[in-house]
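Chains, contacts and geometry: an overview
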Amino acid sequence: MSPGRLHKMNIKAAYDIEHMSSTSKIQHELWPLDEINPYTARFPCCLVWTPLPVVSWLAPFIGHVGICREDGVILDFSGSSFVNVDGFAFGAAAIYLQLDRKQCCFPPNLSGHTCKHGYRHTEYGTALMWDDALQSSMRQFEHRTYNLFTCNSHSFVADCLNRLCYGGSMGWNMVNVAALILFKGHWINSMSILRSFLPFILVLCLGILLVGWPFLIGLFSFSFLLLGWFVLGTYFVKGLIEC
């Protein structure tokens, strides 16, 4: 074996050892989380969802979402230039989903990425720990204008997940954030289900009683158009939904 080839192999081996050591160190620093406690509104490393007044009465799949720090405190983008801390803006959480920090990319250096995005992740903004990513997103959204249709709480959570490169993805947006928590989340209790769907059922029944079946057609048309707006603006028309 030539000396040059041997030298390259030694460099590669040293890099692999250093990379494994750095990654192991980061993983080792993922200390245990406290238990989820809905009564004190503590949801460590969770996404949380609650229905929105009026909007959720007409389209129950639309709600307000937040992301929680490692100590369980909820952060949510709830107004222009304002990220709410430890006070979920529209009431207690109804759904929660705890995320796995091991599915995040916490690179100690440019060559230490565990995700496939590398430099793109670095340019977007990486973090050494979960709370670092949330803090970086907070600083960004403290200078952004809130809008239900273009820049809302889902946008803030998506930004956090992209900084974490959660699940190896940097394609988090309003639509897949909503799908993640609504399809994989857990209801807090039966009262949360009732609080989320009872207003919609009452509006539906009252509308049919007073207006008839045209109300039902109008209500579902509204829901379809609202869903279509977010899907179209996210996946098909670039720049339609920007935050």
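This text follows the structure it describes.
Residues numbered from 1 in each chain as written. Predicted model: local features only at pLDDT ≥ 70, side-chain atom pairs only at ≥ 80, totals over all residues. Heavy atoms only, no water.

The next point concerns a nonpolar patch on the surface. Together, W187, I193, F197 and I201 make up an exposed nonpolar region whose accessible area comes to about 320 Å². Broken down by element, the residue count for the nonpolar patch peaks at 3 residues, all from helix α7 (residues 190-210). In this fold, W187 is placed in strand β6 (residues 186-187). (Patch = residues over 30% accessible without salt bridge, like charges linked within 9 Å, V, L, I, M, F, W, Y side chains within 5 Å. Areas by Shrake-Rupley, 256 points an atom, 1.4 Å probe, with all protein chains shown as cover. Salt bridge = Lys/Arg side-chain N within 4 Å of Asp/Glu carboxyl O. Helix = DSSP H or I, 4+ residues; strand = E, 2+ residues; numbered from the N terminus.)

In this section: the layout of surface pockets. Roughly 480 Å³ of internal volume is contained in the largest pocket. When contributions to the lining of the largest pocket are tallied by element, the ones reaching two or more residues are α5 (153-164) and α8 (213-235). No other element matches α5, which puts 5 residues into the lining of the largest pocket. The class makeup of the residues in the lining of the largest pocket is 8 nonpolar, 8 polar and 5 charged. Approximately 340 Å³ is the volume found for the second largest pocket. Taken together, 18 residues line the second largest pocket, and the ones lying closest to its centre are F61, I62, M174, A178 and L227. Counting residues per element, the ones that place at least two in the lining of the second largest pocket are β2 (63-68), α5, α6 (174-184) and α8. Sorting elements by how many residues they give to the lining of the second largest pocket places α6 first, with 6 residues. Residues belonging to the lining of the second largest pocket are distributed by class as follows: 13 nonpolar, 5 polar and no charged. (1 Å grid on protein atoms, 1.4 Å probe; cavity = no way out; pocket = protein on both sides within 12 Å on 5 of 7 lines; lining within 4 Å. Points joined across faces, edges and corners; volume = space filled by probe spheres on them. Nonpolar A, V, L, I, M, F, W, Y, C, P; charged D, E, K, R; others polar.)

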